Amino acid sequence: MLHIELPHVNVLSKIDILENYGELPFSLEFFTDVGDMRYLLDLLDADPATRRMSTLNAKLCELVEDFPYTRFYTLNIEDKDSVLAVVKVVDKANGYIFADLDAARAQLERGVQGRGGVQGRPA
C-alpha cells in the first residue's frame, strides 16, 4: 500500500472540453467517486488500443481500489462554482481552512483579556 505524508487532492481538469470527446462509457460520477474498478478494467480490456496494457491496467485499478477514500474532483475553469469547490477542498486538505479559526481565536483572546470577560458579555 502506498502512504503519502503530504495531503493531496485528485482533480480531473478540463471538464469543460469533455463533450468534445463524445459520450462517456459510464457516468461522470463513476470516474469521480471511484467505486468498483472491475467495470473499467473490463472496458479497457475490450478496447484493442488498451488491451496490450491489461496487466498495467489491472495493477493500477488494484492500487486505486486499495484506497477506499479515493475521490476525484472535477474542475471546469470556466465555471466559478467548480473552481471555488476545488479551492475549498484544497484549502481543507492543506489545513488553510483552519487559518481563519486561529485568527478568530486570537481576536477572541484579545477581547477577553482587554475586557476581563468574553467579548460582548459583562465580566
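Residue positions are given per chain, counted from 1 along the sequence in the order it is written. Local features in this predicted model are restricted to residues whose pLDDT is 70 or higher, and side-chain atom pairs enter the listing and the counts only when it is 80 or higher, whereas totals over whole chains, interfaces and linings include all residues. As a rule here, side-chain values come from all non-hydrogen atoms in the structure, and water together with hydrogens is ignored.

**Re the overall build of the protein chain**
For the purposes of this entry, the term helix denotes a DSSP run of H or I that reaches at least four residues, the term strand denotes a run of E that reaches at least two, and both are numbered from the N terminus. Helices and strands together make up the secondary structure of the protein chain, namely six helices and two strands. For the protein chain, the proportion of its 123 residues judged to be buried stands at 13%. Any pair of residues with heavy atoms lying within 4.5 Å of one another is described as a contacting pair. For the protein chain, long-range pairs separated by at least 24 residues make up 52% of all intrachain contacts whose partners lie at least 6 apart in sequence. By element, 57% of the accessible surface of the protein chain is carried by carbon and sulfur atoms, the whole surface being about 9,900 Å². When a residue's accessible area, from a 1.4 Å probe over protein chains only, is under 20% of the maximum for its type it is buried; when over 50% it is exposed; and in between it is partly exposed. Note on areas: Shrake-Rupley with a 1.4 Å probe; residue coverage comes only from the protein chains shown.

**What about the side chain of Asn57?**
Locating Asn57 in the fold gives a position in helix α4 (residues 54–65). Among residues more than four places away in sequence, those in contact with Asn57 are Leu41, Leu44 and Thr50.

**Topic: the confidence of the model for the protein chain**
For every residue, the predictor reports its confidence as pLDDT, a number between 0 and 100. Summary statistics for the protein chain give a mean pLDDT of 76 and a share of 75% for residues scoring 70 or more. The lowest-confidence element of the protein chain is helix α6 (residues 99–115), averaging 65 in pLDDT; the highest-confidence one is helix α5 (residues 80–94), averaging 87. Confidence drops under pLDDT 50 across residues 117–123; counting only partners more than four residues distant or on other chains, this segment forms eight contacts.

**Some thoughts on α5**
Residue count minus one, scaled by 1.5 Å, sets the expected span of a helix. Between its first and last C-alpha atoms α5 spans 21 Å; for 15 residues at 1.5 Å apiece the expected length is 21 Å, and the two agree. Looking at the residues trailing α5, positive phi occurs at Gly95, about 90°.

**Describing unusual backbone geometry**
Negative phi characterises most residues that are not glycine, and trans characterises most peptide bonds. At Lys14, a residue that is not glycine, the phi angle is positive and equals roughly 60°. Tracing the backbone shows Lys14 in the loop between β1 (10–12) and α1 (28–33).

**Quick word on the environment of Val86**
Mapped onto the secondary structure, Val86 falls in helix α5. In this structure, the C-alpha to C-alpha distance between Val86 and Val9, residues 77 residues apart in sequence, is 8.7 Å. Not counting the four nearest positions on each side in its chain, Val86 is found in contact with Val11, Tyr73, Thr74 and Leu75.

**A short note on the side chain of Ser82**
Looking at where Ser82 falls in the secondary structure, it is placed in helix α5. Using a relative accessible area of 10% as the deciding quantity, one classes Ser82 as buried. When neighbours within four sequence positions are excluded, Ser82 is seen to be in contact with Thr74, Leu75 and Asn76.

**Considering a nonpolar patch on the surface**
A residue counts toward a patch only above 30% relative accessible area and without a salt bridge, and it is joined to like-charged neighbours within 9 Å or, for Val, Leu, Ile, Met, Phe, Trp and Tyr, to nonpolar neighbours within 5 Å. The term salt bridge refers to a side-chain nitrogen of Lys or Arg lying within 4 Å of a carboxyl oxygen of Asp or Glu. A contiguous nonpolar surface patch, about 260 Å² in accessible area, is contributed by Leu56, Leu60 and Leu63. The exposure class assigned to Leu63 is partly exposed, which follows from its relative accessible area of 36%.

**As for the packing of helix α2 (residues 38–46) against α4**
Axis definition: a line fit to C-alpha positions, over the contact stretch in the case of helices; interaxial angles, taken between N-to-C directions, run 0 to 180 degrees. Contact pair α2 / α4: the axes reach a minimum separation of 10 Å and the direction vectors enclose 165°. Our classification of the angle between α2 and α4 gives roughly antiparallel. In this structure, α2 meets α4 at a crossing whose hand is right-handed. Here Arg38, Leu41, Leu44 and Asp45 of α2 lie close against α4, whose contacting residues are Ser54, Asn57, Ala58, Cys61 and Glu65. Under the scheme applied here, ten amino acids are nonpolar (Ala, Val, Leu, Ile, Met, Phe, Trp, Tyr, Cys and Pro), four are charged (Asp, Glu, Lys and Arg), and all others, including Gly, are polar. Classifying every residue of the contact of α2 with α4 by side-chain character gives four nonpolar, two polar and three charged. For this classification, under 35 degrees means roughly parallel, over 145 means roughly antiparallel, 65 to 115 means roughly perpendicular, and everything else is oblique. Each helix crossing is assigned a hand: it is left-handed if the near helix lies turned anticlockwise from the far helix by less than a right angle, otherwise right-handed if that turn is clockwise.

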